[in-house]
Number of protein chains: 2
Amino acid sequence: MVDEHASVASSEPPGRKQAAILEAATRVFLDNGFRGTSMDVVARAAGVAKQTVYQYFADKERLFAAVVGGAVNVVADPVSAEIGRLGTGDDLAADLRELAVRQLGAVLAPRVLALRRLVIAEAGRFPEHGQAFFAQGPGRTIDGLAARFAELARDGRLRADDPAAAAADFNWLVMAAPINEAMLLGRATFPAADLARIADHAVATFLRAYGPPA
Amino acid sequence: MVDEHASVASSEPPGRKQAAILEAATRVFLDNGFRGTSMDVVARAAGVAKQTVYQYFADKERLFAAVVGGAVNVVADPVSAEIGRLGTGDDLAADLRELAVRQLGAVLAPRVLALRRLVIAEAGRFPEHGQAFFAQGPGRTIDGLAARFAELARDGRLRADDPAAAAADFNWLVMAAPINEAMLLGRATFPAADLARIADHAVATFLRAYGPPA
DNA sequence: CCTACCGATCGGTAGG
DNA sequence: CCTACCGATCGGTAGG
């Protein structure tokens, strides 16, 4: 009797194929949507047989969920750390501008825009993915801003009776225009100079509404 | 010689079937997207044979273009007239609130939200539809607001060095949060009380930033 | 003879 | 793990 698990001793590390499938599937789903993606194409792109895909993911919906869940979590982190440092120096406007530029860079990354488009397209079929995207994205950012704005208001550095509303206003003053241009106009690239201009304007408007009295 | 165009005298008005096809296709496309819609289902929903659909629309893409073009134009009008009357009375804040409520009602109508979702989902394949939606929707609104804000600034009733930027800020302060909740969270209904609260807050923030000096 | 339309089916491909 | 293949359904078109 020869080894019935010969494949375990092969040069193939365990999990390598699963990672290849997820990576390929992410690319294909982001480009073609749920219905536009075939399991055959995913298998071919991953360099495995279709049957192998089904060994790791029971069906197309489960593969899609793994793709979106993974992509949403990769995207989630970058701003929350920045928010805690808002106004630790004495130039709050500069801190807000820097935060806005970072947020714009993260949210307008082509992969994140594609994920947003995908999640919006499938929000009817998979509402939980839209909710996860919102929670990890704008929801998390606005919550973090609200907490920090409340502290800044207590210190007299912002006029914000309703810190949560101020946080939402800041977030959308920064993000709404470019996100909508990206979603509807298909705009895919945002030069650094554009991001700086958008951030400057959003912060100026925000501070005219919420800045401390001169 | 008998009439050789007897069918013209039938009880079927000309264009009646085309209208039924467009109406059915609009419903099916809005619910299921481009790839999720089959021509068989459209034909069935319209109560005609599939052959009849192909007599009016050469292929699926042409039918889709007719649907989106028609839906975008139906959606376009309602705010532009209102904008011209902004500040004709002496209570600019009240006028802005009323405009905001009307805009919210129009843009958050279930059919318009479904159209936005559809257009975003297919922006890769049909960029012209996203551009048409933007032009007829936010683009048109922001342009109209910019023109009126420029006049109001000249009269000293707004502090707006850059009326176009002020118009975009107003538009997104009003629309961004509910649109993003609708797109990502799948929120479909917005009670009148919610719209009033959103409008009140957006106008208050806008006037703190752009209102005339007290 | 033209149109509008039907029932049935074409070649390919979907998820499984 | 691959090839082959299923029931069904896709967009589009045949004959009558």
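Residues numbered from 1 in each chain as written. Chains lettered and ligands numbered in written order. Predicted model: local features only at pLDDT ≥ 70, side-chain atom pairs only at ≥ 80, totals over all residues. Heavy atoms only, no water.

Labelled according to an unreviewed UniProt entry, chain A appears under the name TetR/AcrR family transcriptional regulator, originating from Promicromonospora alba.

A.B. asks: How would you explain the domain arrangement of chain A if you had to name every residue and give the values?
C.D. replies: All names here are of chain A. Annotation of chain A at the domain level lists domain 1 (1–57) and domain 2 (60–210). On a C-alpha basis, the centres of domain 1 and domain 2 stand 34 Å from each other. With 14 residues of domain 1 at the contact, the number on the domain 2 side is 14 residues. Interface area lost by domain 1 to domain 2 is led by Phe29, Leu30 and Phe34, which between them contribute 52%. Between domain 1 and domain 2 we count zero salt bridges in total. Viewed at the interface, domain 2 and domain 1 are joined by three residue pairs in polar contact (both at pLDDT 80 or more). Residue assignment for the side of domain 1 that touches domain 2 shows that the elements contributing at least two residues are helix 1 (16–32) and helix 2 (39–46). Here the side of domain 1 that touches domain 2 is built from residues that sort into ten nonpolar, three polar and one charged. (Domains from an automatic or database assignment. Contact = heavy atoms within 4.5 Å. Buried area = accessible area lost by both parts, 1.4 Å probe. Salt bridge = Lys/Arg side-chain N within 4 Å of Asp/Glu carboxyl O. Polar contact = N/O pair within 3.5 Å; in protein donor to acceptor, adjacent residues only side chain to side chain. Helix = DSSP H or I, 4+ residues; strand = E, 2+ residues; numbered from the N terminus. Nonpolar A, V, L, I, M, F, W, Y, C, P; charged D, E, K, R; others polar.)

A.B. asks: Would you mind going over empty space enclosed by the protein in detail, with residue names and values included?
C.D. replies: All names here are of chain B. According to the stated counting rule, one finds two cavities of 30 Å³ or more in the structure shown. Of the volumes computed, that of the largest cavity is approximately 200 Å³. Around the largest cavity, the lining is made up of 18 residues, and of these Val107, Gln136, Gly137, Pro138 and Thr141 lie nearest the centre. At the level of secondary structure, the elements contributing two or more residues to the lining of the largest cavity comprise helix 4 (60–76), helix 6 (92–107), helix 7 (110–121), helix 8 (127–154) and helix 9 (163–185). (1 Å grid on protein atoms, 1.4 Å probe; cavity = no way out; pocket = protein on both sides within 12 Å on 5 of 7 lines; lining within 4 Å. Points joined across faces, edges and corners; volume = space filled by probe spheres on them.)

A.B. asks: Break down the protein's contact with DNA strand D for me, with residues and values.
C.D. replies: As a structural note, the neighbourhood of DNA strand D is formed by 15 residues, with A:Lys17, A:Ala49, B:Lys50, B:Gln51 and B:Lys60 the closest of them. Within the side chain of A:Lys17, one N or O atom sits 2.7 Å away from a phosphate oxygen of DNA strand D. Here a phosphate oxygen of DNA strand D and a backbone polar atom of A:Ala49 are 2.6 Å apart. Broken down by secondary-structure element, the contributors of at least two residues to the surface near DNA strand D are helix 3 (50–56) of chain A together with helix 2 (39–46) and helix 3 (50–56) of chain B. Considered class by class, the residues forming the surface near DNA strand D number four nonpolar, six polar and five charged. (Near = heavy atom within 4 Å.)

A.B. asks: A description of the interface of chain A and chain B should follow, citing residues and the corresponding values.
C.D. replies: On the chain B side, the residues contacting the 30 residues of chain A number 30 residues. It is A:Ile120, A:Leu184 and A:Arg208 that lose the most area in chain A upon contact with chain B, and together they represent 23% of the buried surface on that side. Inspection of the chain A/chain B interface yields zero salt bridges. At the boundary of chain A and chain B, one finds twelve residue pairs in polar contact (both at pLDDT 80 or more). Going through the elements one at a time, helix 7 (110–121), helix 8 (127–154), helix 9 (163–185) and helix 10 (192–210) of chain A are the ones with two or more residues in the side of chain A that touches chain B. No other element matches the eleven residues that helix 9 of chain A contributes to the side of chain A that touches chain B. When the residues that make up the side of chain A that touches chain B are grouped by side-chain class, the tally is 17 nonpolar, six polar and seven charged.

A.B. asks: Any chance you could break down the side chain of A:Asn180 for me, citing the residues and the numbers?
C.D. replies: By secondary structure assignment, the location of A:Asn180 is in helix 9. Of the polar contacts made by the side chain of A:Asn180, one reaches the side chain of B:Arg116; its length is 3.0 Å. Leaving out residues up to four positions away in the same chain, A:Asn180 has contacts with A:Leu185, B:Arg116, B:Phe134 and B:Trp172.

A.B. asks: An account of the nonpolar core is needed here, citing residue identities and associated values.
C.D. replies: The biggest cluster of nonpolar side chains holds 139 residues, and the ones touching the most others in it are A:Leu63, A:Phe149, A:Phe170, B:Leu63, B:Phe149 and B:Phe170. Ignoring anything within four residues of it in the chain, the contact list for A:Phe149 reads A:Leu86, A:Leu96, A:Leu158, A:Pro163, A:Ala166, A:Ala167, A:Phe170 and A:Phe206. (Core = buried A, V, L, I, M, F, W, Y, C linked by side-chain atoms within 4.5 Å. Buried < 20%, exposed > 50% of the residue type's maximum accessible area, 1.4 Å probe, protein only.)

A.B. asks: Help me get a handle on the UniProt feature "DNA-binding region" (unreviewed entry) in chain A, residues and values and all.
C.D. replies: Residues annotated in UniProt with the feature "DNA-binding region" (unreviewed entry) correspond here to residues 38–57 of chain A. This span, residues 38–57 of chain A, is 75% helix and 0% strand, and a straight line between its end C-alpha atoms measures 14 Å. (UniProt positions renumbered as here; feature names shortened; annotations may be inferred.)

A.B. asks: Explain the relation of the copies chain A and chain B residue by residue, including any values.
C.D. replies: One copy of the chain maps onto the other through a rotation about an axis followed by a shift along the same axis. Of the transformation superimposing chain A on chain B, the axial component is 0.0 Å and the angular component is 180°, with the fit at an RMSD of 0.1 Å. Each copy turns onto its partner about a two-fold axis. A shared interface surface links the copies, since 100% of the contact residues of chain A are contact residues in chain B too. (Least-squares fit on C-alpha atoms with pLDDT ≥ 70 in both.)

A.B. asks: Tell me about helix 8 of chain A, residues and numbers included.
C.D. replies: Between the first and last C-alpha of helix 8 of chain A there are 38 Å, a value that for 28 residues agrees with the 40 Å anticipated at 1.5 Å per step. A:Gly139 marks the point of greatest bend in helix 8 of chain A, at about 40°. (Expected span 1.5 Å × (residues − 1). Bend = angle between axes of the 7 residues up to and from the residue.)

A.B. asks: Break down the protein's contact with DNA strand C for me, with residues and values.
C.D. replies: Lining the immediate environment of DNA strand C, one finds 13 residues, of which A:Thr37, A:Lys50, A:Lys60, B:Lys17 and B:Ala49 sit closest. Interatomic distance of 2.8 Å between a side-chain N/O atom of A:Lys50 and a base oxygen of DNA strand C. Take A:Lys60: an N or O atom from its side chain is 2.5 Å from a phosphate oxygen of DNA strand C. Listed by contribution, the elements that provide at least two residues to the surface near DNA strand C are helix 3 of chain A together with helix 3 of chain B. A total of three residues in the surface near DNA strand C trace back to one element, the largest contributor, which is helix 3 of chain B. Of the residues assigned to the surface near DNA strand C, the class counts are four nonpolar, five polar and four charged.

A.B. asks: Please set out the pattern of salt bridges residue by residue, giving values where relevant.
C.D. replies: Residues and elements named next belong to chain B. Considering all chains together, one arrives at 22 salt bridges over all chains under this definition. Arg187 is the partner of Glu181 in a salt bridge, and the nearest nitrogen-oxygen pair spans 3.0 Å. We classify Arg187 as partly exposed; its relative accessible area is 28%. Here Asp194 and Arg187 are joined by a salt bridge, their closest N and O atoms 2.5 Å apart. Judged by its relative accessible area of 17%, Asp194 falls in the buried class.

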